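Understanding the architecture of this molecule
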Amino acid sequence: EKAIKARLMYGISGQPYQNYLNDLALSKNEDGGYGLLPGYPSDVLTTLDAALAMYVIGTSTQNLLPQALYYISNQIPANGAMKYSSEGDPSYYLINRTAQYLYPFRKLAVGSSPNLISIQNKIDALLSYLSSQYDSANNKLFGTDDIIDELMTAQTWQIYEQQNANTISLKSKLVMLQNGDG
């Protein structure tokens, strides 16, 4: 919440945002991630919001950014199938949002030797998973009929200039599925 507020206040010229950033910095967990509220366990989505706020604003919290990216990177498995819990199914929403938010950081590596992690390698794992879950014969993602999952996947592929034919096909399908009432 603090990260989103800081980004919003920064975007509105002249509005103070430093207090939100200070609160954000104080809410960092030991693992480098951020929880929904101070004292809550770290989670990927909240940490992504925090990292993007630090990046967009580019202030003194910048030294916390590599720690947040390291936390996020460690949550992405080698096969790219991110889950909200270890016993849950992979989440297209979580995978796509992570890939989309990591775009500005794609040329970075975080951690220290021998635990240096390339952000691009993690993005590649996410993109590979998405590609493996696309059924081109039926123009859909395996395991979901959710239009949001398909829309987010098409956006992710477009951002990374991946799967161009599949992106066009999936977007065309989504346009055709739109209802007249919204």
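Everything below is about the structure printed above this text.
Treat the numbers as computed from the prediction; the structure is a model and nothing was measured. (Residues numbered from 1 in each chain as written. Predicted model: local features only at pLDDT ≥ 70, side-chain atom pairs only at ≥ 80, totals over all residues. Heavy atoms only, no water.)

The subject of this paragraph is the packing of helix H3 (residues 44-57) against helix H5 (residues 92-102). Running from amino to carboxyl end, H3 crosses H5 at an angle of 15°, the nearest separation of the two axes being 10 Å. Of the possible angle classes, the one that applies to H3 and H5 is roughly parallel. The crossing of H3 and H5 is left-handed. On the side of H3, the interface is formed by Val44, Leu45, Leu48, Asp49 and Leu52, while H5 contributes Tyr93, Leu94, Arg97, Thr98, Tyr101 and Leu102. The residue makeup of the contact of H3 with H5, split by class, is eight nonpolar, one polar and two charged. (Axes fitted to C-alpha atoms, helices over the stretch in contact; angles between N-to-C directions. Helix = DSSP H or I, 4+ residues; strand = E, 2+ residues; numbered from the N terminus. Parallel < 35°, antiparallel > 145°, perpendicular 65-115°, else oblique. Left-handed = near helix turned anticlockwise from the far one by under 90°. Contact = heavy atoms within 4.5 Å. Nonpolar A, V, L, I, M, F, W, Y, C, P; charged D, E, K, R; others polar.)

Before going further, it helps to examine the packing of H3 against helix H4 (residues 65-74). The geometry of H3 relative to H4 is characterised by a closest axis approach of 9 Å and an angle of 150° between their N-to-C directions. With respect to H4, the axis of H3 lies roughly antiparallel. Relative to H4, H3 is oriented so that their crossing is left-handed. Judged by residue contacts, Val44, Thr47, Leu48, Ala51, Met54 and Tyr55 of H3 engage Leu65, Ala68, Leu69, Tyr71 and Ile72 from H4. Grouping the constituent residues of the contact of H3 with H4 by class yields 10 nonpolar, one polar and no charged.

Before going further, it helps to spend a moment on the environment of Gln158. In this fold, Gln158 is placed in helix H7 (residues 147-159). Along the primary structure Gln158 and Ile168 are separated by 10 residues, whereas in three dimensions their C-alpha atoms are 9.0 Å apart.

Take the packing of aromatic side chains next. With the rule as written, the count across this model stands at three aromatic pairs. Centroid distance Tyr103 to Tyr160: 5.2 Å. Interplanar angle 70°. Geometry classified as edge-to-face. You can see Tyr103 sitting in the loop between H5 and strand S1 (109-110) and its partner Tyr160 sitting in the loop between H7 and helix H8 (164-177), a full 57 residues away along the chain. On the basis of relative accessibility, which here comes to 30%, the residue Tyr103 falls in the partly exposed class. Overall, Tyr160 belongs to the buried group, its relative accessible area being 10%. Centre to centre, the rings of Tyr134 and Trp157 are 5.4 Å apart; their planes meet at 85°, and the pair counts as edge-to-face. You can see Tyr134 sitting in strand S3 (residues 134-135) and its partner Trp157 sitting in helix H7, a full 23 residues away along the chain. Across this residue pair, the class does not change: Tyr134 and Trp157 are buried. (Phe/Tyr/Trp six-rings, centres within 6.5 Å; stacked < 30°, edge-to-face > 60°. Buried < 20%, exposed > 50% of the residue type's maximum accessible area, 1.4 Å probe, protein only.)

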